[in-house]
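Spelled out, the chains give:
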Amino acid sequence: MAEQEFKVAVLGCSGIGRLISTVVRQAVYMIQKDRPDQVVAVSSGALTGDVPEQLVAAAKYPLVVIDGCRPHCATAIADGKKLKIAGKVYAADVIAKHRLSLVGEKREELGDKGMAAARRDCR
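Residues numbered from 1 in each chain as written. Predicted model: local features only at pLDDT ≥ 70, side-chain atom pairs only at ≥ 80, totals over all residues. Heavy atoms only, no water.

Colleague: Just to check I follow, could you spell out the environment of Val64 for this structure?
Modeller: Note that Val64 resides in strand E3 (residues 63-67). On the accessibility criterion, Val64 (24% relative accessible area) is partly exposed. On a C-alpha basis, the gap between Val64 and Ala78 in space is 9.9 Å, while along the polypeptide they are 14 residues apart. Other than its neighbours up to four places away in sequence, Val64 contacts Val8, Ala9, Val10, Leu11 and Gly87. (Helix = DSSP H or I, 4+ residues; strand = E, 2+ residues; numbered from the N terminus. Buried < 20%, exposed > 50% of the residue type's maximum accessible area, 1.4 Å probe, protein only. Contact = heavy atoms within 4.5 Å.)

Right under this line is the structure:
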């Protein structure tokens, strides 16, 4: 009997003006790199642009949303596309829970603290 294919779609915050958005994007890249056969990264831009392959993936697989800042834009995009969300992570809660600091980090290129926060988001 053939094994069932198991994949999860991950939609992360894509904001470009905030440090937390950079942390979330990096977390999504890490998740996909760690489990390339099990994770499909879904782009918020592609969803809002109605890119068929991304809409299909987001609907076909359990969808995990990682929001970065208070507006929860990734969740709003998924809700707007009537996608069923299997799980949500709010990066600010993860950072607060683990008492991580992003002081001194730059959104253009994460340093050690930013990368550690992104890795923590992945777990």
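Colleague: How should the pairing of strand E2 (residues 39-42) be read in this particular structure?
Modeller: Regular strands place side chains that alternate from one sheet face to the opposite one. Sheet analysis places strand E1 (residues 8-12) next to E2, joined by 4 bridges and oriented parallel. By the bridge assignment, Leu11 is partnered in E2 with Val42. For the crossover from E1 across helix H1 (residues 19-34) to E2, the handedness is right-handed. (Pairing = 2+ DSSP bridges. Right-handed = clockwise from strand over helix to strand, strands pointing away.)

Colleague: How should I be thinking about H1 in this particular structure?
Modeller: Since there are 3.6 residues in each turn of an α-helix, residues three or four apart along the chain are aligned in direction. Over its 16 residues, H1 extends 23 Å from the first C-alpha to the last, a length consistent with the 22 Å expected when each residue adds 1.5 Å. Taken together, the buried positions of H1 are Leu19, Ile20, Ser21, Thr22, Val23, Val24, Ala27, Val28, Met30 and Ile31. (Expected span 1.5 Å × (residues − 1).)

Colleague: How should the sheet that holds E2 be read in this particular structure?
Modeller: Two orientations exist for strands paired in a sheet by backbone hydrogen bonds: parallel and antiparallel. Spatially, 4 strands are ordered E2-E1-E3-E4 in an open sheet, and the strand pairing comes out parallel. The outermost strands of the open sheet, each flanked by one partner alone, are E2 and strand E4 (85-90). On average, each strand axis in the sheet is tilted by 25° relative to the strand beside it, whichever way the strands run. In terms of strand pairing, E1 meets E3 through 4 bridges, oriented parallel. Its bridge partner lying in E3, Gly12 is registered against Ile66. Most of the contacts of helix H3 (residues 52-60) go to E2, to which it runs at about 125°, and overall it touches E1, E2 and E3. Along the sheet face, helix H4 (residues 73-80) touches E1, E3 and E4 and points at about 145° away from the line of E3. (Axes fitted to C-alpha atoms, helices over the stretch in contact; angles between N-to-C directions.)

Colleague: What is the right way to read unusual backbone geometry from this model?
Modeller: Its identity as a non-glycine residue notwithstanding, Asp50 has a phi of 55°, on the positive side. Of note, Asp50 is situated in the loop between helix H2 (44-48) and H3. Its relative accessible area of 41% is what places Asp50 among the partly exposed residues. The backbone of Lys82 shows a phi angle near 60°, a positive value even though the residue is not glycine. Locating Lys82 in the fold gives a position in the loop between H4 and E4.

Colleague: What exactly am I supposed to notice about the pairing of E4 here?
Modeller: Where E3 and E4 come together, 5 bridges link them in parallel fashion. If you follow Leu63 over to E4, its bridge partner there is Ile85. Remark: the E3/H4/E4 crossover connection has right-handed handedness.

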